[in-house]
Amino acid sequence: MTDLPVAHLAVVPLPFEPSFEVIPEDEAETSKELAETLHSILETTFKDEGHANRSVHAKSHGLLRGRITVLDSLAPQLAQGAFAKPGTLPVVMRFSTNPGDILDDKVSTPRGLALKIVGVEGPRLPGSDGDLTQDFVMQNAKAFTAANPKAFLRTLKLLAKTTDKAPGMKKAFSALLRGVESTIEAMGGESGTLKSLGGHPQTHILGESFNTVVPFLYGPYFAKLSIVPVAESLTVLTDKHVDFEGNPDGLRKAVSDYFARQGGAWDVRIQLATDLDRMPIEDASVVWPEDLSPYVTVARIEVEPQTSWSEQSVREIDDGMAFSPWHGLQAHRPLGGVMRVRKPSYEMSSGFRAEHNGCPMHEPLPVPESR
Ligand code: HEM
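In what follows, the accompanying structure is described.

1. Quick look at the packing of aromatic side chains
Part 1 of the reasoning: Summed over the entire model, instances satisfying the criterion amount to twelve aromatic pairs.
Part 2 of the reasoning: Ring centres 5.8 Å apart and planes at 90 degrees place the aromatic pair F16 and F20 in the edge-to-face group.
Part 3 of the reasoning: Plain terms: the ring middles of F136 and F216 are 5.4 Å apart, the flat faces sit at 50 degrees to each other, and that makes the pair tilted. Within this pair, whereas F136 is found in strand β4 (residues 133-139), its partner F216 is found in strand β6 (residues 216-218), the two being separated by 80 residues in sequence.
Part 4 of the reasoning: Classification of F136 as buried rests on a relative accessible area of 4%.

And the structure:
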């Protein structure tokens, strides 16, 4: 590979200590309510569609296979977990948008990217023993819309009520919200809740940068991870309006048109925490300041031209795989309330999909699979 960046580390990372995680007494109750609310979304959408989709991020727009190359000569603080040694491994990527029902893309919502690295080595997280994968599950934002699980539960209950309700109306509502959102942004603000309801700008999904938004262990330290497009063919798509021409699956078509002709490259960047007050673990709504600790590239993802959405990839990746921050290495244990409550919810949602679609989840193996 040519033109790989060189990773310099200009900060002194803060070693993680167990006392940095503070678990509220009622977290188990909140976690149970979150899983129940997500389960109600699954029941509703399954009744309507006869197929079990994810309870959130149900609609996929691109299902890709590629490879990740970990840079050599990383600073020792950056050479941790899945990035501990240089080399190239296969990856699977799933681009999505966040509602739990499959909407017309005119209802423009925040975007997600799930990455699965296949063939990582090291002690595993509970529930993920025996697998060889490391997942990173991301959004196109730098902080979560809610500070903690309780605040997220309030938003989720509101979103659950809108599941399945008059998609035509949601479309008009979405156009209205986009107007309101751009007014708020023009005034220097940004509203996560409005975007979740359909106020996201109608831009090309392949121009987006994605972020884990919430932290995880990075060997003895803790960090957030981002994936940033670096191929010029992708960066020109950043903030680019896409005209769907009435196609309800306009985003998926835009991704298919792109990968029919060309490949893509993204850098994988790590932001190591240096200060617990400014880079908290339990408040997921805080953007960690990049002037205190900039993101540093540790790896590059490359994808060749390919069919980015097909019946086969839907079967193998959409229905046949689950992505979760809890699939992976102990060296990348998810941290903080939002991360802790995700474990049972993701297990419930993927379990529901496996049971109702009659298709167990498969964790891919390091050997290249037949396509
Ligand atoms: C309390 C917080 C959260 C809960 C309860 C939650 C719950 C879920 C559930 C149940 C799924 C479906 C899993 C499946 O069926 O396989 C899911 C998928 C997803 N979530 Fe979350 N989530 C939370 C926070 C987040 C955050 C912070 C992010 C982004 C950084 C995120 C991004 C995603 C994405 C991208 C997917 C789709 C994964 C895929 O492509 O398979 N979620 N979430």
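From this point on, the discussion continues.
2. Section: the site of the ligand
Part 1 of the reasoning: The ligand sits among 27 residues. The nearest are R54, R94, Y346, S349 and R353.
Part 2 of the reasoning: Side-chain polar atom of R94 to an oxygen atom of the ligand: 2.7 Å apart, as the coordinates give it.
Part 3 of the reasoning: Within the side chain of R353, a nitrogen or oxygen atom sits 2.7 Å from an oxygen atom of the ligand.
Part 4 of the reasoning: Elements with a minimum of two residues in the shell around the ligand: β3 (111-118), β4 and α8 (337-357).
Part 5 of the reasoning: Among the elements that make up the shell around the ligand, the one with the highest residue count is α8 (eight residues).

3. What about the nonpolar core?
Part 1 of the reasoning: If you look at the biggest cluster of nonpolar residues, it comprises 56 residues, and the most contacted ones within it are F83, W266 and I301.
Part 2 of the reasoning: Among the nonpolar cores identified, the runner-up in size contains eleven residues, and L38, I41, A52 and V341 belong to it.

4. Some words on the coordination of the iron atom of the ligand
Part 1 of the reasoning: Only one protein atom coordinates the iron atom of the ligand: Y346 (OH), located 2.1 Å from the metal.
Part 2 of the reasoning: Relative to the helices and strands, Y346 is located in helix α8.

5. So, helix α7 (residues 311-319)
Part 1 of the reasoning: Every buried residue of α7 is accounted for by S313, V314, I317, D318 and D319. One face of α7 carries all of its buried residues, which in axial projection span an arc of 155 degrees.
Part 2 of the reasoning: At its buried positions, α7 is contacted by β1 (59-70), β2 (87-97) and α8.

6. So, the environment of L276
Part 1 of the reasoning: You can see L276 is positioned in the loop between β8 (264-272) and β9 (296-303).
Part 2 of the reasoning: Residue classification places L276 among the partly exposed positions, given a relative accessible area of 27%.
Part 3 of the reasoning: C-alpha separation for the pair L276 and W288, spaced twelve residues apart in sequence, amounts to 9.9 Å.

7. Brief notes about unusual backbone geometry
Part 1 of the reasoning: The backbone of S73 shows a phi angle near 50 degrees, a positive value even though the residue is not glycine.
Part 2 of the reasoning: Looking at the element boundaries, S73 is found in the loop between β1 and β2.
Part 3 of the reasoning: By relative accessible area, which is 65% here, S73 ends up exposed.
Part 4 of the reasoning: We note that D239 has phi near 65 degrees; this positive angle belongs to a residue other than glycine.
Part 5 of the reasoning: Position of D239 relative to the elements: it lies in the loop between α5 (232-235) and α6 (250-261).

8. Points about the side chain of R65
Part 1 of the reasoning: Along the chain, R65 falls in strand β1.
Part 2 of the reasoning: Side-chain polar atoms of R65 contact the side chain of E316, separated by 2.8 Å.

Basis of the calculations
- Residues numbered from 1 in each chain as written.
- Predicted model: local features only at pLDDT ≥ 70, side-chain atom pairs only at ≥ 80, totals over all residues.
- Heavy atoms only, no water.
- Phe/Tyr/Trp six-rings, centres within 6.5 Å; stacked < 30°, edge-to-face > 60°.
- Helix = DSSP H or I, 4+ residues; strand = E, 2+ residues; numbered from the N terminus.
- Buried < 20%, exposed > 50% of the residue type's maximum accessible area, 1.4 Å probe, protein only.
- Near = heavy atom within 4 Å.
- Polar contact = N/O pair within 3.5 Å; in protein donor to acceptor, adjacent residues only side chain to side chain.
- Core = buried A, V, L, I, M, F, W, Y, C linked by side-chain atoms within 4.5 Å.
- Donors = N, O, S within 2.8 Å, 3.2 Å for Na, K, Ca; no water.
- Arc of directions from axis to C-beta.
- Contact = heavy atoms within 4.5 Å.

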